[in-house]
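So you can see what is in the structure, the chains are spelled out below.
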Amino acid sequence: MDEDYDELVSYLTPREETESMKRYQNTTSIPCPVCDEPFADLVIVTGESTSLELSEPLDICVSRTSEEKPMLFTHQ
């Protein structure tokens, strides 16, 4: 993973990790690298595919790591 990704994740709180994804909570109001608004969670898809169950409607920004893994930034 690249330095920007490592730096971003170092400021986030790990919440969940499975074989197909990692989820981090933004407890310090870091701005989203896509829209510059604070985001709630960062979900990184680490497997070939995964399913996300949303308990409420969320705005989502999407980016990729240098390894082409999808990163989903959720906004409440």
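Residues numbered from 1 in each chain as written. Predicted model: local features only at pLDDT ≥ 70, side-chain atom pairs only at ≥ 80, totals over all residues. Heavy atoms only, no water.

Chemist: I keep staring at the overall build of the protein and nothing clicks. Help me out?
Modeler: Each helix and strand counted, the protein has one helix and five strands in total. When its helices and strands are written in sequence order, the protein yields α-β-β-β-β-β. Whereas a compact globule of 76 residues would reach a radius of gyration of roughly 11 Å, the protein reaches 12 Å, a difference of no more than 12%. Viewed in the frame of its principal axes, the protein has a C-alpha envelope of about 30 × 30 × 20 Å. Classification of the 76 residues of the protein by burial places 32% in the buried group. Across the protein, contacts joining residues at least 24 apart in sequence account for 44% of those joining residues at least 6 apart. Of the charged side chains in the protein, 5 are positive and 17 negative; the average position of the first set lies 4 Å away from that of the second. (Helix = DSSP H or I, 4+ residues; strand = E, 2+ residues; numbered from the N terminus. Rg over C-alpha atoms; globule rule 2.2 N^0.38 Å. Buried < 20%, exposed > 50% of the residue type's maximum accessible area, 1.4 Å probe, protein only. Contact = heavy atoms within 4.5 Å. Lys, Arg positive; Asp, Glu negative; His and termini not counted. Charge placed at Lys NZ, Arg CZ, Asp CG, Glu CD.)

Chemist: I keep staring at the nonpolar core and nothing clicks. Help me out?
Modeler: Side chains of nonpolar character tend, in soluble globular proteins, to be buried together. Core analysis: the largest hydrophobic core is formed by 13 residues, its most contacted members being Leu 8, Leu 12, Tyr 24, Phe 39, Leu 42, Ile 44 and Phe 73. Those elements giving two or more residues to this core turn out to be α1 (3-10), β3 (41-45) and β5 (70-75). Top element by residues in this core is α1. It accounts for three residues. Not counting chain neighbours up to four residues away, the residues in contact with Phe 73 comprise Leu 8, Cys 32, Pro 33, Val 34, Phe 39, Asp 41, Leu 42, Asp 59, Ile 60, Cys 61 and Ser 63. (Core = buried A, V, L, I, M, F, W, Y, C linked by side-chain atoms within 4.5 Å.)

Chemist: Just to check I follow, could you spell out unusual backbone geometry for this structure?
Modeler: One can expect most non-glycine residues to show negative phi and most peptide bonds to be in trans. At Asp 36, a residue that is not glycine, the phi angle is positive and equals roughly 70 degrees. Inspection of the secondary structure assignment puts Asp 36 in the loop between β2 (21-25) and β3. For Asp 36, a relative accessible area of 59% puts it in the exposed group. Even without being glycine, Glu 68 reaches a positive phi, approximately 70 degrees. Secondary-structure assignment places Glu 68 in the loop between β4 (59-64) and β5. Judged by relative accessible area, which is 48%, Glu 68 ranks as partly exposed.

Chemist: Explanation requested: the sheet that holds β3 in the structure shown.
Modeler: Within a sheet, neighbouring strands are paired by backbone hydrogen bonds and run either parallel or antiparallel to one another. Taken in spatial order, the five strands make up an open sheet running β1-β2-β3-β5-β4, and their pairing is antiparallel. Two strands bound the open sheet, and with one partner strand each, they are β1 (13-17) and β4. Pairwise comparison of adjacent strand axes, ignoring direction, gives a mean angle of 20 degrees for this sheet. (Pairing = 2+ DSSP bridges. Axes fitted to C-alpha atoms, helices over the stretch in contact; angles between N-to-C directions.)

Chemist: Explain a nonpolar patch on the surface to me, please; I cannot follow it from the model alone.
Modeler: Taken together, the side chains of Leu 52, Leu 54, Ile 60 and Val 62 make up a nonpolar region of the molecular surface, amounting to roughly 350 Å² of accessible area. Following the sequence through the fold, Val 62 ends up in strand β4. On the basis of relative accessibility, which here comes to 52%, the residue Val 62 falls in the exposed class. (Patch = residues over 30% accessible without salt bridge, like charges linked within 9 Å, V, L, I, M, F, W, Y side chains within 5 Å. Areas by Shrake-Rupley, 256 points an atom, 1.4 Å probe, with all protein chains shown as cover. Salt bridge = Lys/Arg side-chain N within 4 Å of Asp/Glu carboxyl O.)

Chemist: Honestly, the side chain of Asp 41 in this entry has me stumped. Any pointers?
Modeler: Relative to the elements of secondary structure, Asp 41 occurs in strand β3. Side chain to side chain, Asp 41 and Arg 23 meet in a polar contact 2.9 Å long. (Polar contact = N/O pair within 3.5 Å; in protein donor to acceptor, adjacent residues only side chain to side chain.)

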